[in-house]
Protein chains: 2
Amino acid sequence: VSELDEFKADAARAALEHVRSGTVVGLGSGSTAAFVITELGRRLRDGELRDVRGVPTSSGTERLAVAAGIPLVALPADGVDVAIDGMDEVDGALDAIKGLGGALTREKIVAAAARTFVLVADHTKRVRRLGERCPVPVEVLEFGLERTASRLAALGCRPVLRRRDDVVYRTDNAHVVLDCAVGEDFEPAVFAAAVERLPGVVGHGLFLGMASVAYLAGADGLSTLRSSRAERP
Amino acid sequence: VSELDEFKADAARAALEHVRSGTVVGLGSGSTAAFVITELGRRLRDGELRDVRGVPTSSGTERLAVAAGIPLVALPADGVDVAIDGMDEVDGALDAIKGLGGALTREKIVAAAARTFVLVADHTKRVRRLGERCPVPVEVLEFGLERTASRLAALGCRPVLRRRDDVVYRTDNAHVVLDCAVGEDFEPAVFAAAVERLPGVVGHGLFLGMASVAYLAGADGLSTLRSSRAERP
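Residues numbered from 1 in each chain as written. Chains lettered and ligands numbered in written order. Predicted model: local features only at pLDDT ≥ 70, side-chain atom pairs only at ≥ 80, totals over all residues. Heavy atoms only, no water.

Draft legend 1. Spotlight on the pairing of strand β15 (residues 221–226) of chain A. Residues and elements named next belong to chain A. In this sheet, β15 lies alongside strand β14 (residues 213–218) in antiparallel orientation, the contact comprising six bridges. For V213, the partnering residue across the bridge sits in β15 and is R226. The turn joining β14 and β15, which pair antiparallel and follow one another in sequence, is formed by two residues. (Pairing = 2+ DSSP bridges. Helix = DSSP H or I, 4+ residues; strand = E, 2+ residues; numbered from the N terminus.)

Draft legend 2. Looking closely at the nonpolar core. Membership of the largest hydrophobic core comes to 54 residues, with the highest contact counts inside it found for F117 and L119 of chain A together with F117 and L119 of chain B. Within the residue set of this core, elements represented by two or more residues are β3 (80–85), α4 (104–112), β6 (114–122) and β14 of chain A together with β3 (80–85), α4 (104–112), β6 (114–122) and β14 (213–218) of chain B. (Core = buried A, V, L, I, M, F, W, Y, C linked by side-chain atoms within 4.5 Å. Buried < 20%, exposed > 50% of the residue type's maximum accessible area, 1.4 Å probe, protein only.)

Draft legend 3. Representation of the pattern of salt bridges. Following the criterion strictly, the structure yields 32 salt bridges over all chains and no others. Measuring nitrogen to oxygen at the nearest pair gives 2.8 Å for the salt bridge that ties R162 of chain A to D179 of chain A. Of this pair, R162 of chain A sits in the loop between β8 (158–161) and β9 (163–164) while D179 of chain A sits in strand β11 (residues 176–181), placing them 17 residues apart in sequence. For D179 of chain A, a relative accessible area of 14% gives the class buried. Among the salt bridges present, the one from D46 of chain B reaches R42 of chain B, with a minimum N-O distance of 2.6 Å. Given a relative accessible area of 49%, D46 of chain B falls into the partly exposed group. Taken together, the shared-partner salt bridges connect E17, E39, R42, R43, D46 and E48 of chain A into one network. (Salt bridge = Lys/Arg side-chain N within 4 Å of Asp/Glu carboxyl O.)

Draft legend 4. Structural context of the relation of the copies chain B and chain A. Superposition record for chain B on chain A: RMSD 0.0 Å, screw rotation 180°, translation along axis 0.0 Å. These values place the two chain copies in the arrangement generated by a two-fold rotation axis. Relative to the rotation axis, the closest C-alpha in chain B is found at V202 of chain B, a distance of 2.5 Å. Taken together, the interface assignments show that 100% of the residues at the interface of chain B recur at the interface of chain A, consistent with an identical surface on both copies. (Least-squares fit on C-alpha atoms with pLDDT ≥ 70 in both. Contact = heavy atoms within 4.5 Å.)

Okay, structure coming up:
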């Protein structure tokens, strides 16, 4: 077990303090989220938590949760109490980029349905400015792809069709992803609003104003970022 | 041939006056759009138009266009010159509801890519107020369906999952449709903006500020509605 893995486990334990018995929890994806799932399974087995059900955000997470013995349910109409997920970049306002793993749209449906959305990651994901290192993933219909890419480019980014091993990548929803590299003048809220209006866009990886708290595992321990915004009712 | 069919053919001929040789045309769906496809095929065969290629918005339209001998292409990055499509409701400002046929998202991608968007229909589609007779179709991911329906209901509509012969209906994109009945206080622009922000929504059937002209076939001939807005550059 590496030192960073120890800290990721610390982040997972801190995030799970937001979970109460008898609730439904959104289960995110990524390496730190995997620690959350393992630790939640342990707490259920050991009786520290009871009657917690999970909503998985990807097929990979579903497999991990089943292996950890967490009962799974479909996303309830009234949402979930807490959702815990990783991210690819997070800034000081707890705005984040997600989706390098490809489950962005399902992750956002669950995060938006959570009364408390908790981010977990290692400290390398902390950035000064969103888009500094990662592109913004945009999930789009294959129909009209060239046109949609052109309209995204007109918003000031450089969209590149995601491939894996030279094959066009497909999401769990069978769509394609345009990874949009952005410049120093990137304005996340302006870009997000414009992208949401574009026909052919299924979802995008900007999670703005959604997280209440982020636990980041670092070489010198766990750091906690809190949002100044209130938790959703 | 019924009298209404004669008038639909009139509407199709009027719409095709917007099409020039050497251009790419968006081909819509529906019974009046079918007249457009047949008439475009005839004009190409008879040499009245040359080198026109079509972008079909549904698999049904693709079949009709192939049968009519219209060469087809994928939607170009720089859009299309003209798109011609039917609608389910249109008001005096040329705002429309589309999507009872299920191809709403592809139709909107093509309409939004057109420098001139032309509506054709029979006169029964003209309404005073959008939502008067038709629900607003919203195409959504099946993942999180109950939650998405609940969030749509919170916007003031009554969403009903579309079925055909007791089987859940699926779009060409393999998603489901929530048909959202709205009340007399319906505000299309407010609803559209809120729906576009909802995670899990793929597209919706409100076509606002998109059409330049509508040709409506009626019992007493053809009526033409023109938008006060300029055509897109």
